[in-house]
Amino acid sequence: MLRLWGQRLPAAWVLLLLPFLPLLLLAAPAPHRASYKPVIVVHGLFDSSYSFRHLLEYINETHPGTVVTVLDLFDGRESLRPLWEQVQGFREAVVPIMAKAPQGVHLICYSQGGLVCRALLSVMDDHNVDSFISLSSPQMGQYGDTDYLKWLFPTSMRSNLYRICYSPWGQEFSICNYWHDPHHDDLYLNASSFLALINGERDHPNATVWRKNFLRVGHLVLIGGPDDGVITPWQSSFFGFYDANETVLEMEEQLVYLRDSFGLKTLLARGAIVRCPMAGISHTAWHSNRTLYETCIEPWLS
């Protein structure tokens, strides 16, 4: 346009218009810039938001401008509260974040937090989770003597903890909500008020709806490894678990998969399950290991 004006106007007028060129350029529509989906982080047992400072740094470096929310709920000893109570609290926190992100969000959920997030995906009819990243989480339960367990129940061992965990009193502790004793399967199925329900191992009125909700997820990214030292068996991070002989059966051999009770088989069939095993990482280092982040987490933060 300025070139045509220059043909009609004296050169002096063209020079007078040049100072206004930057304003014309500013008024032009800016090129579209793709933004990253918000990330929501849920901590594990005895953790707090401070534990994820390194992960936050990694995301800011590789995906600048990403809105990351590390939910500061049920910290420390409060993380022992019943998991359904925690699910309700975290649900109230994530709803407004999801409402502001029509393109979807990513969930990074560590250890016990991975079970909280899986329950969230089950009970939320309208969640918009693109990637659910389960970071060293006992998805099929826990059956091991750990320092956490010894601190909480100092007189018990894994072989007799079912006496506590499979009682109404025991189910008031989060760790008992996913205690899975392979030698007392009937007691587990009848007493578990959390894991047996979200796994669809016990019939309940919401089973069909929960399965439908869970299948809304874009990708299920499972992360864990043999040197974890806490999750027992470590394959629980990949939906593997012990049989009655304490032989580990992989996900595809589990009844919850074969029956597709909450959607695992369907997700795998559509290519939505990603397994990322990493050796050499202890349980408390999963969220601060840069190589792990770049290999297993960063590729899914679209």
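Residues numbered from 1 in each chain as written. Predicted model: local features only at pLDDT ≥ 70, side-chain atom pairs only at ≥ 80, totals over all residues. Heavy atoms only, no water.

Where an unreviewed UniProt entry is consulted, the protein appears under the name Lysosomal thioesterase PPT2, with the organism given as Gorilla gorilla gorilla. According to the UniProt record, the Subcellular location (unreviewed entry) comment for the protein is "Lysosome". As its UniProt record puts it under Sequence similarities (unreviewed entry), the protein is described as follows: "Belongs to the palmitoyl-protein thioesterase family." (UniProt positions renumbered as here; feature names shortened; annotations may be inferred.)

1. Things to note about the layout of surface pockets
The space that makes up the largest pocket amounts to roughly 380 Å³. Residue lining of the largest pocket: 18 residues in total, with His-180, Asp-185, Glu-201, Gln-254 and Leu-255 positioned closest to the centre. Of all the elements in the fold, those that place two or more residues in the lining of the largest pocket are helix H10 (185-191), strand E6 (241-242) and helix H13 (255-258). Of the residues in the lining of the largest pocket, the class split is nine nonpolar, four polar and five charged. (1 Å grid on protein atoms, 1.4 Å probe; cavity = no way out; pocket = protein on both sides within 12 Å on 5 of 7 lines; lining within 4 Å. Points joined across faces, edges and corners; volume = space filled by probe spheres on them. Helix = DSSP H or I, 4+ residues; strand = E, 2+ residues; numbered from the N terminus. Nonpolar A, V, L, I, M, F, W, Y, C, P; charged D, E, K, R; others polar.)

2. Some details on the nonpolar core
Core analysis: the biggest nonpolar cluster contains 62 residues, and Leu-107, Val-129, Phe-132, Leu-220, Phe-239, Leu-264 and Leu-267 have the highest contact counts within it. Counting residues per element, this core draws most heavily on helix H6 (residues 112-123), which supplies seven residues. When neighbours within four sequence positions are excluded, Phe-239 is seen to be in contact with Arg-118, Gln-139, Met-140, Leu-220, Leu-222, Glu-250, Met-251, Gln-254, Phe-262 and Leu-264. (Core = buried A, V, L, I, M, F, W, Y, C linked by side-chain atoms within 4.5 Å. Buried < 20%, exposed > 50% of the residue type's maximum accessible area, 1.4 Å probe, protein only. Contact = heavy atoms within 4.5 Å.)

3. A short note on the sheet that holds strand E1 (residues 39-42)
Reading across from one edge, E2-E1-E3-E4-E5-E8 is the order of the six strands in this open sheet, with parallel pairing throughout. Because the sheet does not close on itself, it has two edges, and the strands there are strand E2 (68-70) and strand E8 (273-277). This sheet shows a mean twist of 15° between the axes of neighbouring strands, independent of strand direction. Bridge analysis of E1 against E2 gives three bridges, and the strand direction is parallel. Directly across from Val-41, in E2, lies its bridge partner Val-70. (Pairing = 2+ DSSP bridges. Axes fitted to C-alpha atoms, helices over the stretch in contact; angles between N-to-C directions.)

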